[in-house]
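# Notes for the structure review
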Amino acid sequence: GELRFLSTALTNSIESLSASTAQHMQTTELRNRPREQKVLTKAKVEQEGHQRSDLQELDRARAVMVQRIESLCTRVVEPSLQAGDSSLHVGEEAKWKQSVVRWFWNSIPIMPCVVVRCLNEWKAFTLRNQWAVSHVIECIQTKLKHCIDLSKRIGGLGSISMLIHLLSGHLETKMKKSQEDESSLAEEVNVVKQAINDLRLVGDDVFSTITKEFLEMMPKMSCKVITSGEESGLECPILDVYLARCEAILSMLQSQYCAPSLQCQVLQRLFRSFTCMITNSLLLDSDYRRLCNAQGGLGLKVIISTVDAWLSESAPRSKDLQLVKEELLPLRDICNVLLLGKSVKYTPIRGLNLARLEALASRYNSNDAQDRILEDDIKAMRLNRKSTVLLRKGPQEIAMRAEVPDPVKFEISMGRLSLSSIPIPDSIADAPELRFLLLKPPMRQ
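Every value quoted in this text rests on a predicted model; they were computed, and no experiment measured them.

Turning our eyes to something else, we now look at the confidence of the model for the chain. Taken as a whole, the chain shows an average pLDDT of 79; of its residues, 74% reach a score of 70 or greater. Within the chain, no element has a lower average pLDDT than helix α2 (residues 90-99), which sits at 42, and none a higher one than helix α11 (residues 329-340), at 93. The low-confidence segment residues 228-234 (pLDDT under 50) makes 15 contacts with residues lying over four places distant or belonging to another chain. Segment residues 441-445 is flagged for pLDDT under 50; beyond a separation of four residues in sequence, or across chains, it makes 13 contacts in the model.

We now examine helix α9 (residues 294-314). For α9, spanning 21 residues, the distance from its first C-alpha to its last is 30 Å, which sits close to the expected 30 Å at 1.5 Å a residue. Gly296, Gly297, Gly299, Leu300, Ile303, Ile304, Thr306, Val307, Trp310, Leu311 and Ser314 are the residues of α9 that are buried. Summarising the contacts, the buried residues of α9 are in contact with α7 (237-255), α8 (260-284), α10 (321-326) and α11. Between the side-chain oxygen at the start of α9 and the backbone nitrogen of Gln295 there is a gap of 3.2 Å, and the oxygen is on Asn293.

For the rest of this paragraph, the subject is a nonpolar patch on the surface. Nonpolar side chains collect at one region of the surface, where Leu298, Leu339 and Leu340 lie side by side and expose about 250 Å² of accessible area between them. Its location among the elements puts Leu298 in helix α9. Overall, the relative accessible area of 51% leaves Leu298 in the exposed class.

What follows concerns the packing of aromatic side chains. Tallying each qualifying case throughout the model produces 4 aromatic pairs. Ring geometry for Tyr242 versus Phe274: centroids 5.2 Å apart, planes at 55°, classification tilted. Remark: Phe274 occurs in helix α8 and Tyr242 occurs in helix α7; sequence separation between them is 32 residues. In this structure, Tyr242 and Phe274 share a single accessibility class: buried. Aromatic rings pair up to connect Tyr242, Phe271, Phe274 and Trp310 into one cluster. Geometry around Trp131 places Arg62 over its ring, the cationic atom sitting 4.5 Å from the centre.

A few words now on unusual backbone geometry. One non-glycine residue, Lys123, lies in positive phi territory at about 55°. Relative to the elements of secondary structure, Lys123 occurs in the loop between α3 (110-121) and α4 (130-145). Looking at Lys123, the relative accessible area reads 61%, which means it is exposed. Here Tyr257, not a glycine, exhibits a phi torsion of approximately 55°, which is positive. Tracing the chain through its elements places Tyr257 in the loop between α7 and α8. The exposure class assigned to Tyr257 is partly exposed, which follows from its relative accessible area of 32%.

Counted according to the given criterion, the structure contains 1 cavity of 30 Å³ or more. Of the volumes computed, that of the largest cavity is approximately 70 Å³. Every residue along the wall of the largest cavity is listed here: Val115, Val116, Leu119, Val133, Val136, Ile137, Ile140, Leu163, Leu167, Ala195 and Leu199. Sort the elements by how many residues they give to the lining of the largest cavity and α4 lands first, with 4 residues.

Another aspect to go through is the environment of Ser314. Looking at where Ser314 falls in the secondary structure, it is placed in helix α9. Judged by relative accessible area, Ser314 falls into the buried class, the value being 18%. Taking C-alpha positions, Ser314 is 9.9 Å from Ser251, a pair spaced 63 residues apart along the chain. Ignoring any residue separated from it by four or fewer positions in sequence, one finds Ser314 in contact with Glu247 and Leu250.

Each value, and the rule that gives it
All chains use their own residue numbering, which begins from 1 and follows the written sequence. Totals for whole chains, interfaces and linings use all residues, but because this is a predicted model, local features are given only for residues with pLDDT of at least 70 and pairs of side-chain atoms are given and counted only at 80 or more. Derived side-chain values reflect all non-hydrogen atoms in the structure, with water molecules and hydrogen atoms excluded from consideration. A residue's pLDDT is simply how confident the predictor is in it, with values from 0 to 100. By definition, any uninterrupted DSSP run of H or I lasting at least four residues is a helix, any uninterrupted run of E lasting at least two residues is a strand, and each is numbered from the N terminus. Two residues qualify as a contact provided that any one of their heavy atoms is within 4.5 Å of a heavy atom in the partner residue. In this scheme, a helix's expected span is set at 1.5 Å multiplied by one less than its residue total. Partly exposed describes any residue whose relative accessible area lies between the buried limit of under 20% and the exposed limit of over 50%, with all areas from a 1.4 Å probe on protein chains only and scaled to the type maximum. Under this definition, polar contacts are N or O atom pairs within 3.5 Å; protein pairs additionally need one hydrogen-donor-capable and one acceptor-capable atom, and for neighbouring residues in sequence, both atoms have to be side-chain atoms. Patch members must show over 30% relative accessible area and no salt bridge, and they are joined within 9 Å when carrying like charges or within 5 Å when they are nonpolar side chains of Val, Leu, Ile, Met, Phe, Trp or Tyr. In short, Shrake-Rupley with a 1.4 Å probe defines the accessible areas, and a residue's cover is counted only from the protein chains shown. When a carboxyl oxygen of Asp or Glu lies within 4 Å of a side-chain nitrogen of Lys or Arg, that pair is called a salt bridge. Between rings of Phe, Tyr and Trp, where Trp is taken as its six-membered ring, a pair exists when centres lie within 6.5 Å; planes separated by under 30 degrees are stacked, by over 60 edge-to-face, and by other angles tilted. Note on criteria: charge over ring means Lys NZ or Arg CZ within 6 Å of the ring centre, with the direction from the centre no more than 35 degrees off the ring normal. Both cavities and pockets are sets of points on a 1 Å grid over the protein atoms alone; in a cavity a 1.4 Å probe fits but cannot get out, in a pocket the set is open with protein on both sides within 12 Å along at least five of seven lines, and lining residues sit with an atom within 4 Å of a point. Grid points are joined across faces, edges and corners, and a volume is the space filled by probe spheres set on the points.

Dropping the structure here:
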């Protein structure tokens, strides 16, 4: 009985103590709650203050970047792509020319070098400042889109190729620096890659409009260039005009220091059109069926030899010159078929598809019943390992299209270019944002 009494008393004491402790804790919590709320409120206010300060700092930094980019566009990008005003009088035009900065140095466009130096100095190759890079590219695109001066657009095309070259070199240099933070390095790499892609799109559009204007300047070609008589061979007036205009176009490209690779790609488009006009007229025009014989092949061979001689003498030295020569392959195939007849089965076909080869053989057979090209001969040419795959697969229409399917290549071979070695015109350093360009005087000629 005593043990039960002690146990009950102990239980009551514990319950009383627990209740007292809980009440004490509740009272303490109620007493400390205002203090904790005050501390939390103060921390929240401080956090909001830091956030406002950070936003204000970002706004100030963005305002500075906006001012820098606007100065870069108005002082560098726009003047370098600005054409002269043809309405000016002689005296005014001379004064205008004196005020314009010479935007090339040793055939190197200055504007891309200044742009890349500024963007790198201002740390624009980040996600936060990517808009600045895009704004400069949009400025270039807008200026070239509204430029009616063909020579200035050609100069702009050269500047775009140089920008791509410099940004690719900058990208390569950054990727070799492994000591940088991987996240920031990946961020800069992505921004530069996007800038290069955007510049390629702008360059494609400019290149397309330029080549379209060049093609409109060229005379229309047909099989008249291979007819016998006074209009054949080296004395063909229309061929002389075509090559003379090609030479004038090259001079225009070179005067604006357009890269040799781009010059060759322009020539590729011109001779693609040249080949298309002759091939289509020979295979599709009934008036020229009579030229599908050995005599026509001899006249065409003289034309090809004339063009080859002109390319060897006048075309720029570049590995892309091979692209121009490849555009003449269909004409070489036609020449071989017409001159060799049935024996052409031992010669590879490198420019014609099967439909064009069969159409040419049909026209040849209608003019020469003794040396006919048979189906077995065409099969032998198809099985020749050196023949083009067009004889076995691919589009099989007879009509040849003048459009070149290959994308424009803006890569230029200049090696490594030190941006600090490019002289900066003093007139563009009047703006405070650009004065850092003259802090270290570059080497001059």
